[in-house]
Amino acid sequence: MTRSSAFAIDVPDALLDRARKRDGAACEQLYRWFERPVYGLAMRMLGCPDAAMDVLQDTFLKVFDKLPGFRGESPFWGWLRQVAVNECLMRLRSRGRDEPAEAEAFEPDLIEHEGLLPPQAADAAALTQALGRLPDKTRSVLWLYHAEGYTHEEIAALLGQSVSFSKSQLARGTRKLRTLLQLTEASHA
């Protein structure tokens, strides 16, 4: 089952044309439509609210700067998502390789789950917390593959790794995530 990306928002050509011309209202509209997907992606990949907020800001600064050159050969949302993924990956590369995954753990943002029913919100919070306990690259592979629909070939290219690296990170991460989620369920029972 393929899940569509939270980024998959159709943007009218007229709005993009206005934003290319630096129309403030058009740029604000684009920001409002895409701020949650960009922040959510960054949060899942980086596991840190401050870093996710930085990625959100840097992504839109780049998008608005490069928007006049966007030719529209692919959907705007796909291009914007790729800019956000690249910003996340740049931050992951700049982090120290020896940084322990436990230092990245974070408390889930309750606003993120406000529209969900209580059991679904608890499940989403547990998943967010478990993802935060995974190493950076493992968490990124899991999120890009399952939530954003990237292929192993695309993930490997983004991370500068082999396809087998992507597949092994997905398998290891899935096992670790299942273990973490079972522990979470057992502690709440």
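Description of the structure in this document. (Residues numbered from 1 in each chain as written. Predicted model: local features only at pLDDT ≥ 70, side-chain atom pairs only at ≥ 80, totals over all residues. Heavy atoms only, no water.)

It is worth spelling out the overall build of the protein at this point. The secondary structure content of the protein amounts to 8 helices and 0 strands. The buried share among the 189 residues of the protein stands at 44%. A separation of at least 24 residues holds for 67% of the contacts in the protein among residues at least 6 apart in sequence. Summing over all exposed atoms, the protein offers an accessible surface of approximately 10800 Å²; the carbon and sulfur share of this is 54%. (Helix = DSSP H or I, 4+ residues; strand = E, 2+ residues; numbered from the N terminus. Buried < 20%, exposed > 50% of the residue type's maximum accessible area, 1.4 Å probe, protein only. Contact = heavy atoms within 4.5 Å. Areas by Shrake-Rupley, 256 points an atom, 1.4 Å probe, with all protein chains shown as cover.)

Among the nonpolar cores identified, the biggest contains 51 residues, and L30, F34 and F76 are the most heavily contacted of them. Every element with two or more residues in this core is listed here: α1 (13-20), α2 (24-46), α3 (49-66), α4 (76-94), α5 (118-132), α6 (136-147), α7 (152-159) and α8 (163-188). Non-local contacts of F76, meaning those with residues more than four positions away in its chain, are made with V11, L16, L30, F34, V63, L67 and F70. (Core = buried A, V, L, I, M, F, W, Y, C linked by side-chain atoms within 4.5 Å.)

Within α1, burial applies to L15, L16 and A19. When α1 is viewed along its axis, its buried side chains cluster within an angular range of 100° and face the same direction. Along α1, exposed side chains directed more than 90 degrees from the buried face belong to D13 and A14. In the stretch just after α1, R22 is the one whose phi turns positive, near 70°. (Arc of directions from axis to C-beta.)

Attention now moves to the pattern of salt bridges. Tallied over the full model, the rule gives 9 salt bridges. One network of salt bridges, in which partners are shared, links E28, R32 and E35. (Salt bridge = Lys/Arg side-chain N within 4 Å of Asp/Glu carboxyl O.)

Before going further, it helps to spend a moment on unusual backbone geometry. For residues that are not glycine, phi is negative in most cases, and the peptide bond is trans in most cases. Non-glycine residue R22 carries a positive phi angle of around 70°. Looking at where R22 falls in the secondary structure, it is placed in the loop between α1 and α2.

Quick look at α3 now. With 18 residues, α3 ought to run about 26 Å at 1.5 Å a step, and its terminal C-alpha atoms sit 26 Å apart, in line with that. Considered for burial, the residues of α3 that qualify are A51, A52, V55, L56, T59, F60, V63 and F64. Those residues of α3 hidden inside the fold are in contact with α2 and α4. (Expected span 1.5 Å × (residues − 1).)

Turning next to the packing of aromatic side chains. The description of an aromatic ring pair rests on the distance of the ring centres and on the angle between the ring planes. In the structure shown here, the tally under the stated rule is 6 aromatic pairs. Seen in terms of ring centroids, F60 and F64 are 5.7 Å apart; in terms of plane orientation they differ by 40°. Their pairing is tilted. You can see F60 and its partner F64 sitting in helix α3, 4 residues apart, about one turn around the helix. You'll find F60 and F64 in the same group, each marked buried. Consider the rings of F70 and W79, whose centres lie 4.8 Å apart with planes at 25°: the pair is stacked. For F70, a relative accessible area of 9% gives the class buried. (Phe/Tyr/Trp six-rings, centres within 6.5 Å; stacked < 30°, edge-to-face > 60°.)

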